[in-house]
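Tertiary structure, described
So the chains spell out like this:
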Amino acid sequence: MASTKVVNIPKGGFSFENCQRNNFMAKQGFPAPKAVKTGTTIAGFIFKDGVILGADTRATEGNIVADKNCFKLHYMAPNIYCAGAGTAADLEMTTLQMSSQLELHRLNTGRQVKVATATRLLKQMLFRYQGHIGAALVLGGIDSSGPHVCCIYPHGSTDSLPFVAMGSGSLAAMAFLESGWKPDMELAEAKVLMRNAICGGIFNDLMSGSHVDLCIITREKAEMIRPFEVANVKGERQGSYRYPLGCTATLSTRVIPIEIESTVVRPVAEESMDTA
Amino acid sequence: MKGKGCVAIASDRRFGVQTSTLAMDFQRIFEMGPHLYVGLPGLATDTLTVHERLRFRLNLYELRESRKIKPQTFSAMVSNLLYERRFGPYFVEPVIAGLDPVTWEPFISAMDLIGCPNVPEDFVVAGTCAEQLFGMCEALWEPNLEPDSLFETISQALMNAFDRDAISGWGGIVHVM
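One structure accompanies this document, and this report is about it. Note that the structure is a prediction, hence the values are computed from the model and not measured.

Residue and element names in this part refer to chain B. Helix 4 (residues 147-162) packs onto helix 3 (residues 130-140) with a crossing angle of 145° between their chain directions and a minimal axis gap of 9 Å. With respect to the hand of their crossing, helix 3 and helix 4 are arranged in right-handed fashion. Residues Gln132, Leu133, Met136, Cys137 and Leu140 of helix 3 lie in contact with helix 4, whose contacting residues are Thr153, Gln156, Ala157, Leu158, Asn160 and Ala161.

Spelled out as structure tokens, the structure:
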């Protein structure tokens with residue numbers, strides 16, 4: 001806080017107040033904690049009735065798995081979903097921000113959002129930050145001009161293609177897609193191909209793992225299947241490691257009873273609509 | 001850690017500069033409401049700063065909304081605060097534990113230093129001995145632990161983990177809700 005008399009209401013947007021201090025500390029040799037990255041295998045392609053997106057579910061922090069079941073398929077609009085690879089916080093915040101921008105756009109124009117709009121908004125934002133926002137995205141959706149899949153790189157370049165894969169496991173996923181993709185695939189075939197592509201990433205890339213999530217977007221609806229396949233089942237625990245009660249030595253215990261204000265249950269009768 | 005109708009959050013008490021210990025009663029877990037606790041391991045100055053900033057935002061929220069904040073909303077608030085400083089972050093990795101003020105559902109979440117939320121069903125860990133804690137919690141945690149068993153589990157996980165880390169320790173404090 002700069003002054004105790006002026007109240008510092010936080011403004012939106014990025015704040016760079018700690019940069020100088022952090023640079024100084026880095027020079028002194030302070031080991032900063034690592035951000036969570038989603039090593040990831042993500043892929044998307046067009047099939048007969050629409051678009052299918054797939055992702056694995058592992059989030060890593062250095063070499064440790066920070067989250068065994070994280071969610072990489074982000075909602076952007078009712079007809080557009082986005083799979084993300086890169087720095088997890090950047091992905092989360094960028095997709096949330098874009099999703100609200102798209103909703104405002106939809107309300108403003110009164111029309112379904114086009115995939116090209118989402119792509120344009122994202123690439124302009126990522127280019128503005130010159131790649132420092134580590135978000136690599138596979139955007140997929142269906143609009144009035146048909147199904148589209150687009151990959152967006154952290155520096156702001158985009159590629160609109162029939163099938164794409166991004167992330168550290170993209171080479172493995174792309175191998176499956178290159179050999180298996182053909183135009184106008186049926187839904188069942190498409191699901192199997194996507195599952196194979198993501199599992200290729202899960203089993204061959206150390207930074208991808210756990211399960212396969214799918215998102216199928218067609219003209220009628222968008223369906224999220226989580227998990228589509230539990231590729232890595234957790235091992236069975238053989239014994240119980242419960243400690244007997246009272247074995248932990250404590251210096252002091254404080255039990256604080258919390259007063260709960262009275263709860264009132266009031267059934268609300270349905271009022272009929274007044275059409276006077 | 002999550003239990004059956006309860007949550008527990010624990011931390012060690014050491015405060016030091018690399019190898020020198022300066023205090024053995026440093027508070028890292030702060031009470032943000034009767035059923036909401038946040039733990040802020042990491043750089044001590046940022047622990048205090050983030051706590052103060054959070055308290056300010058939380059007070060504004062509770063004044064505006066005239067109700068207690070939900071743990072999920074609080075988690076989003078912390079994530080937002082940390083992501084604002086994406087290019088010059090605070091060196092803390094918050095851990096949030098609480099019960100929903102209406103449904104009493106247990107909730108835990110953890111974040112990395114730039115605010116990426118991780119909301120699992122079992123446990124979250126953070127700090128210099130996070131790797132040891134991961135191992136201990138994976139081994140000891142089971143679903144549907146009663147509050148007393150949850151206390152034993154979380155304490156033993158914490159103590160055995162920080163016994164294997166030279167710069168953590170000097171006792172622990174556990175809050176069970």
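There is more to say, and it comes next.
Time to look at the pairing of strand 13 (residues 222-229) of chain A. Residue and element names in this part refer to chain A. Pairing geometry for strand 12 (residues 212-218) and strand 13, over 5 bridges, is antiparallel. If you follow Ile217 over to strand 13, its bridge partner there is Ala222. Taking the residues between adjacent antiparallel strands as the criterion, strand 12 and strand 13 are bridged by 3 residues.

The next thing to look at is the packing of aromatic side chains. Tallied over the full model, the rule gives 9 aromatic pairs over all chains. Between the aromatic rings of Phe16(A) and Phe87(B), the centroid separation amounts to 6.0 Å while the plane-to-plane angle is 5°, which identifies the pairing as stacked. On the criterion of chain membership, the pair formed by Phe16(A) in the segment before helix 1 (19-28) and Phe87(B) in the loop between helix 2 (71-84) and strand 6 (95-99) is interchain, its members lying in two chains. Among the aromatic residues, those joined into a ring-pair cluster are Phe14(A), Phe16(A), Tyr129(A), Tyr83(B) and Phe87(B).

In this section: the pairing of strand 6 (residues 73-77) of chain A. Residue and element names in this part refer to chain A. Across the 5 residues of strand 6, 4 count as buried, placing the element largely inside the fold. Sheet analysis places strand 6 next to strand 7 (residues 80-87), joined by 4 bridges and oriented antiparallel. Note that in strand 7 the partner of Tyr75 across the bridge is Tyr81.

Relative placement of two packed helices is described by the angle separating their axes and the distance separating the axes. Interaxial distance between helix 2 (residues 88-109) of chain A and helix 2 of chain B falls to 11 Å at its minimum, and their mutual angle equals 110°. Put simply, helix 2 of chain A runs roughly perpendicular to helix 2 of chain B. Residue-level inspection shows Ala89(A), Asp90(A), Met93(A) and Thr94(A) of helix 2 of chain A in contact with helix 2 of chain B, the latter providing Ser79(B), Asn80(B) and Tyr83(B). Classifying every residue of the contact of helix 2 of chain A with helix 2 of chain B gives 3 nonpolar, 3 polar and 1 charged.

Thresholds applied
- Residues numbered from 1 in each chain as written.
- Chains lettered and ligands numbered in written order.
- Predicted model: local features only at pLDDT ≥ 70, side-chain atom pairs only at ≥ 80, totals over all residues.
- Heavy atoms only, no water.
- Axes fitted to C-alpha atoms, helices over the stretch in contact; angles between N-to-C directions.
- Helix = DSSP H or I, 4+ residues; strand = E, 2+ residues; numbered from the N terminus.
- Left-handed = near helix turned anticlockwise from the far one by under 90°.
- Contact = heavy atoms within 4.5 Å.
- Pairing = 2+ DSSP bridges.
- Phe/Tyr/Trp six-rings, centres within 6.5 Å; stacked < 30°, edge-to-face > 60°.
- Buried < 20%, exposed > 50% of the residue type's maximum accessible area, 1.4 Å probe, protein only.
- Parallel < 35°, antiparallel > 145°, perpendicular 65-115°, else oblique.
- Nonpolar A, V, L, I, M, F, W, Y, C, P; charged D, E, K, R; others polar.

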